[in-house]
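# Summary of the model geometry
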Protein chains: 2
Amino acid sequence: MTRRALPNDGLLTRMKAVGLRLTGQRKIVAELLETADEHLDAESVYKRAKARDGTVHRATVYRTLNRLKKLGLVDELDLMHVSGERHYYEIRPSTLHIHLVCTSCKRVDEPSEAFWDDLKRRVESENGFRPEVVRIEMAGVCAACQRTRSRRS
Amino acid sequence: MTRRALPNDGLLTRMKAVGLRLTGQRKIVAELLETADEHLDAESVYKRAKARDGTVHRATVYRTLNRLKKLGLVDELDLMHVSGERHYYEIRPSTLHIHLVCTSCKRVDEPSEAFWDDLKRRVESENGFRPEVVRIEMAGVCAACQRTRSRRS
DNA sequence: CTAACTGCAAACCTTTTGCATTGAC
DNA sequence: GTCAATGCAAAAGGTTTGCAGTTAG
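Our subject in this report is the structure included herewith. As the structure is a computational prediction, the values presented were derived from the model and not from experiment. The residue count restarts for each chain, going from 1 along the sequence in the order it is written. Whichever chain is written first is A, and whichever ligand is written first is 1; the rest continue in order. With pLDDT at 70 or above as the cut-off, local features in this predicted model cover only qualifying residues; side-chain atom pairs require 80 or more to be listed or tallied, and sums for whole chains, interfaces and linings still use all residues. Computation of side-chain values: all heavy atoms of the structure, hydrogens and water removed.

### Section: the pattern of salt bridges
Our working rule: A pair is scored as a salt bridge if a Lys or Arg side-chain nitrogen falls within 4 Å of a carboxyl oxygen belonging to Asp or Glu. Secondary structure elements follow DSSP: runs of H or I no shorter than four residues count as helices, runs of E no shorter than two count as strands, and numbering proceeds from the N terminus.
Taken as a whole and judged by the stated rule, the model has 18 salt bridges over all chains. The partner of R58 of chain A in a salt bridge is E43 of chain A, with the nearest N and O atoms 2.9 Å apart. With R58 of chain A in helix α4 (residues 58–70) and E43 of chain A in helix α3 (residues 42–52), this residue pair connects regions lying 15 residues apart in the sequence. Among the ionic pairs, E126 of chain B bridges to R122 of chain B, the shortest N-O distance being 3.4 Å. Residue E126 of chain B and its partner R122 of chain B are both found in helix α5 (residues 116–127); the two are separated by four residues, about one turn of the helix.

Below, the structure written as structure tokens:
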């Protein structure tokens with residue numbers, strides 16, 4: 001469930017840019033999403049936010065996440081339900097999400113986006129489809145777990 | 001929301017193969033999934049099943065779908081929540097799901113799997129990741145809607 | 001015959017909503 | 001000052017579960 005940190009250019013700034021009021025609660029949620037060391041579901045965001053400011057209400061967190069999602073600043077992922085039915089929220093770094101979810105250690109890796117160009121060209125020419133948001137999720141076995149397994153056998 | 005029909009080699013047979021009891025209710029659910037003209041969420045499966053046999057209970061449908069999901073015979077998709085928060089169930093044709101979801105007409109297209117080979121080779125060599133189940137979802141504008149839009153403007 | 005499965009109803013968990021109050025701009 | 005956002009509590013979904021009765025193998 002751990003994830004690599006992603007470079008990010010100010011969610012708060014973008015929130016302000018689209019006209020959202022920067023309340024204390026929203027600042028907390030935004031910072032949590034920006035600095036998260038793993039993918040967070042709504043409940044986790046709520047718990048962490050509440051730990052910082054006891055008055056933050058669950059409904060506010062849900063409303064904020066929905067707001068951000070509708071504005072396209074954040075995306076909702078399910079990571080193929082590899083570890084439960086929860087939905088996770090992630091700042092939209094671009095319009096592309098690529099996740100490699102290890103079914104063994106539950107680690108989530110986000111590989112380079114290099115191969116995306118090929119794929120895009122292909123979908124556009126072969127299917128006439130113009131992709132806007134793309135999600136690629138693969139469940140499988142990561143390099144580390146493959147080594148562990150072969151060592152064991 | 002419409003989808004192309006996919007060739008399929010007997011969900012019931014595979015259910016039997018893994019040792020599931022073929023009850024009347026499960027036969028109905030299996031046939032619904034096999035012949036569905038669109039992606040079905042749990043509630044839709046339930047409603048359709050109930051229409052065929054009034055005694056089918058919602059809990060049974062949920063249990064069956066979960067069972068099939070855990071056995072890997074069926075996959076759960078959210079189609080990027082383009083048309084709601086529902087989760088859809090689809091027979092696993094292989095281990096690969098590619099969906100192009102049109103944000104305009106909500107149509108879901110399933111393109112050829114040709115480009116998957118490149119992607120797979122890449123993830124394996126560059127990330128050392130061995131993919132087992134793959135889901136590629138793209139939200140965007142389909143060819144037809146692009147034409148409609150340009151005609152309008 | 002027996003373990004697996006079902007129907008039923010209640011519980012559970014997550015998310016949303018109406019309303020009065022608060023606070024950002 | 002005004003309108004958006006919040007807290008609260010209640011409702012609304014959607015899904016799961018314990019139990020007693022039924023049925024496929």
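### Describing the protein's contact with DNA strand D
Our working definition: The near set for a molecule or strand comprises every residue that places at least one heavy atom within 4 Å of it. Think of a polar contact as two N or O atoms within 3.5 Å of one another; within protein, one of them needs to be a possible hydrogen donor and the other a possible acceptor, and neighboring residues in sequence only count if both atoms come from side chains. Only Asp, Glu, Lys and Arg are considered charged in this grouping, and only Ala, Val, Leu, Ile, Met, Phe, Trp, Tyr, Cys and Pro are considered nonpolar; every other residue, Gly among them, is considered polar.
Taken together, 19 residues form the shell around DNA strand D, and within it T23, Q25, T55 and T60 of chain A together with Y62 of chain B come nearest. One of the side-chain N or O atoms of T60 of chain A is found 2.4 Å from a phosphate oxygen in DNA strand D. Here a phosphate oxygen of DNA strand D and a backbone polar atom of L22 of chain B are 3.1 Å apart. Of all the elements in the fold, those that place two or more residues in the surface near DNA strand D are α2 (24–35) and α4 of chain A together with α4 (58–70) of chain B. The dominant element in the surface near DNA strand D, judged by the number of residues it contributes, is α4 of chain B, at five residues. Among the residues forming the surface near DNA strand D, the class breakdown is six nonpolar, six polar and seven charged.

### Some remarks on the packing of α2 of chain A against α3 of chain A
All names here are of chain A. In plain terms, the rule: Helix axes are fitted to C-alpha atoms over the stretch in contact, other axes to C-alpha atoms as well, and angles between N-to-C directions run from 0 to 180 degrees. Roughly parallel refers to an angle under 35 degrees, roughly antiparallel to one over 145, roughly perpendicular to one between 65 and 115, and oblique to any angle outside these ranges. Crossing chirality is assigned from the near helix's rotation relative to the far helix, an anticlockwise turn below a right angle marking it left-handed and a clockwise turn marking it right-handed. Any two residues whose heavy atoms approach within 4.5 Å at even a single point are treated as in contact.
Packing of α2 against α3 leaves a shortest axis separation of 10 Å and a crossing angle of 120 degrees. The pairing of α2 with α3 is recorded here as oblique in orientation. Like other packed secondary-structure pairs, α2 and α3 cross with a definite hand, here right-handed. Counted together, I28, V29, E31, L32 and L33 of α2 and V45, R48, A49 and R52 of α3 form the full contact between these two elements. Partitioned by chemical class, the residues of the contact of α2 with α3 number six nonpolar, no polar and three charged.

### A word on the relation of the copies chain B and chain A
To be explicit about the condition: Copy-to-copy alignment: least squares on C-alpha atoms, limited to residues at pLDDT 70 or above in both.
Mapping chain B onto chain A leaves a residual RMSD of 0.1 Å; the transformation is a rotation of 179 degrees accompanied by 0.0 Å of translation along its axis. Viewed as a symmetry operation, the transformation between the two copies matches a two-fold axis. In terms of C-alpha distance to the rotation axis, chain B has I136 of chain B as its closest residue, with the C-alpha 2.3 Å off the axis. Both copies share a contact surface, since 98% of the interface residues of chain B are interface residues in chain A too.

### Thoughts on the protein's contact with DNA strand C
By nearness alone, 19 residues border DNA strand C, and Y62 of chain A together with Q25, R26, T55 and T60 of chain B come closest of all. For DNA strand C, a phosphate oxygen lies 3.5 Å from a polar atom in the backbone of V56 of chain B. Within the backbone of H57 of chain B, one N or O atom sits 3.0 Å away from a phosphate oxygen of DNA strand C. Elements represented by at least two residues in the surface near DNA strand C include exactly α4 of chain A together with α2 (24–35) and α4 of chain B. The element that contributes the greatest number of residues to the surface near DNA strand C is α4 of chain A, accounting for five residues. Of the residues that constitute the surface near DNA strand C, the class distribution is six nonpolar, six polar and seven charged.

### Describing the nonpolar core
Our working rule: In this description, a nonpolar core means a group of buried Ala, Val, Leu, Ile, Met, Phe, Trp, Tyr and Cys residues linked to one another through side-chain atoms lying within 4.5 Å. Relative accessible area decides the class of each residue, using a 1.4 Å probe on protein chains only: under 20% of the type maximum gives buried, over 50% gives exposed, and in between gives partly exposed.
By size, the foremost hydrophobic cluster in this structure holds 28 residues, and its most contacted members are I136 and M138 of chain A together with I136 and M138 of chain B. Listing elements by their share of this core, those giving two or more residues are β4 (96–102), α5 (116–127) and β6 (130–141) of chain A together with β4 (96–102), α5 and β6 (130–141) of chain B.

### Notes on the sheet that holds strand β5 (residues 108–109) of chain A
Using the following cut-off: The criterion for strand pairing is that DSSP finds at least two bridges linking the strands in question.
On the basis of which strands lie adjacent, the open sheet formed by six strands has the order β5(A)-β4(A)-β6(A)-β6(B)-β4(B)-β5(B) and mixed pairing. Only two strands of the sheet have a single partner each, and these edge strands are β5 of chain A together with β5 (108–109) of chain B. Where β4 of chain A meets β6 of chain A, seven bridges bridge the pair, whose relative direction is parallel. Its bridge partner lying in β6 of chain A, C102 of chain A is registered against G140 of chain A. Contacting β4 and β6 of chain A together with β4, β5 and β6 of chain B, α5 of chain A crosses the sheet at an angle of about 125 degrees to β6 of chain A.

### Considering the interface of chain B and chain A
Rule in force here: Buried area adds together the accessible area that both of two parts lose upon being put together, with accessible area traced by a 1.4 Å probe.
Across the boundary between the two partners, chain B contributes 40 residues, which contact 40 residues of chain A. For the pair chain B and chain A, the summed buried surface comes to about 3400 Å²; carbon and sulfur atoms form 54% of the total. On the surface where chain B and chain A come into contact, there are two salt bridges. A salt bridge links R135 of chain B to E137 of chain A, with the nearest nitrogen and oxygen atoms 2.4 Å apart. Linking chain B with chain A are 13 residue pairs in polar contact (both at pLDDT 80 or more). Elements that contribute at least two residues to the side of chain B that touches chain A include exactly β4, α5, β6 and α6 (143–152) of chain B. Of the residues contributing to the side of chain B that touches chain A, the split by class is 20 nonpolar, seven polar and 13 charged.

### Thoughts on the packing of α2 of chain A against α4 of chain A
Residues and elements named next belong to chain A. Look at α2 against α4: their axes get within 10 Å of each other, and the N-to-C directions meet at 65 degrees. Helix-helix and strand crossings are classified by hand; for α2 and α4 the assignment is right-handed. For the pair α2 and α4, contact is made by Q25, R26, V29 and L33 and by T60, V61, T64, L65, R67 and L68, respectively. When grouped by side-chain class, the residues that make up the contact of α2 with α4 number five nonpolar, three polar and two charged.

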